Amino acid sequence: MTRYTSFQTRTEIVFGPGLLDRLHAYRGQKVGIVTDAFLAQSGALDRVRKALPDCQIRVFDEVVPDTPIDAVSAGARHLGGFGPEVIIALGGGSPIDGAKAILAIVREMHPDRYIPFVAIPTTSGTGSEVTTFAVISDPANGRKFPLISEELVPDVALLDPEFVRTAPPKVTADTGMDVITHALEAVVARGANHFTDAFADKALSLAFAHLPRAYADGNDMEARDAMHQASCLAGFAFAAAGLGVNHSLAHALGGKLHVVHGRTNSVLLPVVIPWNAVEPRAAAAYARIARLIGLDAPDTGAAVTALIAKIREFNTLFGIPETIPEIGADKEEYRRVRSVVAAAALADACTTSNPRQPSQADLEDLLAQVGG
């Protein structure tokens, strides 16, 4: 049987001055907006409302970090009865992921018509505005799980860096390191190809050059714009190529210990990269990225080492520690749940696209290295 690879994009990407004018296309329609309580009280929601003239608008603002199943159900009930003709997600990864899950249910409630989906990201991190992925949490069972479907991909993504201007340095760093993790996992993923590499490479060159600037000065709009676009580019890359055990472990740790996702990815990268680099193709891809971002190295091994050192340098610059307990998990609890976390990561869909297929023992060893 012939084996082939395909690559497609379905999202219209809009960026540049006056981009919210794109919402005028929904003039006079019933619009559902999914966001969180903070953004609902900020000027961000007001900006979106003003760009929707003559619209009936219903807002669901109960999305919280690591969107739980209960919030998805509540949002579907709130918007489903309203009968929206378009749904807009306004927020970071959690509101956009929550909106995706809510949208899937609302579309089932109204099968007679297609409900367009617009995403307006307010953080530069997840790339969820262009992906088939949504991560939802199940607090009762202490886990996170990814939903994966073409139906979850937004029809339109509005990339306005003004929405991230006020993001505090810690959020900028955590979400920015998530961008770097997405792209690094995409270049070594089993589904990587020249098309996905093109997106991932550009995302990484932008992120390594501009994340320190955006962290140092939130009003540096050139850096903000570069990171916003890097996030989207990385989203295209991993949506097509896949992710890996870095994200599998981060999902499992977040579900069990409620540690911040981007920061967790940052802590894991320096131990996951050398483990993956045992596989020659992965090592070559890491080395290529090291050279792309200007790291001098005489051979593949030295280039991989230089890339790991650069990640550690960034973590230090951003105040990100070297262990999971240092970012908010009890050390003894971390040790107690290590095998459970490893088992959850082993079952995570992201693990299947990792360049090396791990065992339970492999994942427990990686967790031990960041256990302190």
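In the block above lies the structure referred to throughout.
For the structure given in this document, a descriptive report is provided here.

Calculation notes
- Residues numbered from 1 in each chain as written.
- Predicted model: local features only at pLDDT ≥ 70, side-chain atom pairs only at ≥ 80, totals over all residues.
- Heavy atoms only, no water.
- Helix = DSSP H or I, 4+ residues; strand = E, 2+ residues; numbered from the N terminus.
- Core = buried A, V, L, I, M, F, W, Y, C linked by side-chain atoms within 4.5 Å.
- Buried < 20%, exposed > 50% of the residue type's maximum accessible area, 1.4 Å probe, protein only.
- Contact = heavy atoms within 4.5 Å.
- Pairing = 2+ DSSP bridges.
- Axes fitted to C-alpha atoms, helices over the stretch in contact; angles between N-to-C directions.
- Phe/Tyr/Trp six-rings, centres within 6.5 Å; stacked < 30°, edge-to-face > 60°.
- Lys NZ or Arg CZ within 6 Å of the ring centre and 35° of its normal.
- Salt bridge = Lys/Arg side-chain N within 4 Å of Asp/Glu carboxyl O.
- Lys, Arg positive; Asp, Glu negative; His and termini not counted.
- Disulfide = S-S within 2.5 Å.

Before going further, it helps to spend a moment on unusual backbone geometry. Of note, the phi angle at D54 is positive, near 60 degrees, even though the residue is not glycine. Take D54: it is sitting in the loop between α2 (43-50) and β3 (56-63). In this structure, H258 takes a positive phi of about 60 degrees despite not being glycine. As for its placement among the helices and strands, H258 is situated in the loop between α8 (245-257) and α9 (261-276).

Another aspect to go through is the nonpolar core. Counting residues in each nonpolar core, the largest one holds 75 residues, and the members touching the most others are M177, I180, L184, L253, I273, Y286 and I324. When sequence neighbours within four positions are dropped, the list of residues in contact with L184 reads L204, L269, I273, Y286, I289, L307 and I311. Within the second largest apolar cluster, 24 residues are counted, among which are L19, Y26, L52 and I88.

With that out of the way, let us pick up the sheet that holds strand β8 (residues 156-159). Spatially, β1-β8-β5-β4-β2-β3 is the arrangement adopted by the six strands of the open sheet, whose pairing is parallel. Looking along the sheet, the strands with just one partner apiece sit at the ends: β1 (12-15) and β3. Adjacent strand axes in the sheet meet at a mean angle of 20 degrees when their direction is disregarded. Sheet analysis places strand β2 (residues 30-36) next to strand β4 (residues 86-91), joined by four bridges and oriented parallel. Paired with V31 across the bridge in β4 is V86. Relative to the sheet, α2 contacts β2, β3, β4 and β5 (117-121), its axis offset from that of β4 by approximately 155 degrees.

For the rest of this paragraph, the subject is the packing of aromatic side chains. Under the definition given, this model contains five aromatic pairs. Geometrically, the ring pair formed by F133 and F238 is tilted, given 5.5 Å between the ring centres and 55 degrees between the ring planes. Here the residue F133 occupies a position in strand β6 (residues 133-138), and F238 occupies one in helix α7 (residues 221-241), the gap between them amounting to 105 residues. One residue, K30, lies across the ring of F82, its end atom 5.0 Å from the ring centre. Above the plane of the ring of W275 lies R356, whose end atom (NZ or CZ) is 4.0 Å from the centre.

What follows is about the pairing of β8. Residues of β8 alternate between two faces, with V156 and L158 on one and A157 and L159 on the opposite face, all of them buried. Pairing analysis gives four bridges linking β1 to β8, with the strands arranged parallel. Its bridge partner lying in β8, E12 is registered against V156.

Across all of its chains, the model carries 14 salt bridges by this definition. In this structure, R263 engages D174 in a salt bridge whose closest nitrogen and oxygen atoms are separated by 2.8 Å. A residue pair is termed long-range when its members are at least 10 positions apart, and R263 in helix α9 and D174 in helix α5 (residues 169-188) qualify at 89 residues. Look at D174 and you get buried, because its relative accessible area is 8%. A salt bridge links D197 to R288; the nearest nitrogen and oxygen atoms lie 3.4 Å apart. Here the residue D197 occupies a position in helix α6 (residues 194-216), and R288 occupies one in helix α10 (residues 280-292), the gap between them amounting to 91 residues.

As for its position among the elements, R224 is in helix α7. Buried R224, no salt bridge; nearest opposite-charge side chain is D217, N-O distance 7.4 Å. Contacts of R224, omitting those with residues within four sequence positions, involve S124, P161, V164, R165, A167, T172, A214 and G218.

Here the focus is the state of the cysteines. If you walk through the whole model with that rule in mind, you get zero disulfides. The thiol of C232 is unpaired, and the distance to the nearest cysteine sulfur, on C350, comes to 18 Å. We classify C232 as buried; its relative accessible area is 4%. The buried category is assigned to C350, whose relative accessible area is 3%.

Mapped onto the fold, C55 is located in the loop between α2 and β3. Taking relative accessible area as the criterion, C55 reaches 17% and is therefore assigned buried. Here the alpha-carbon distance between C55 and V31, two residues 24 residues apart in the chain, equals 6.7 Å. Excluding its chain neighbours within four sequence positions, the residues that come into contact with C55 are Y26, R27, G28, Q29 and V31.

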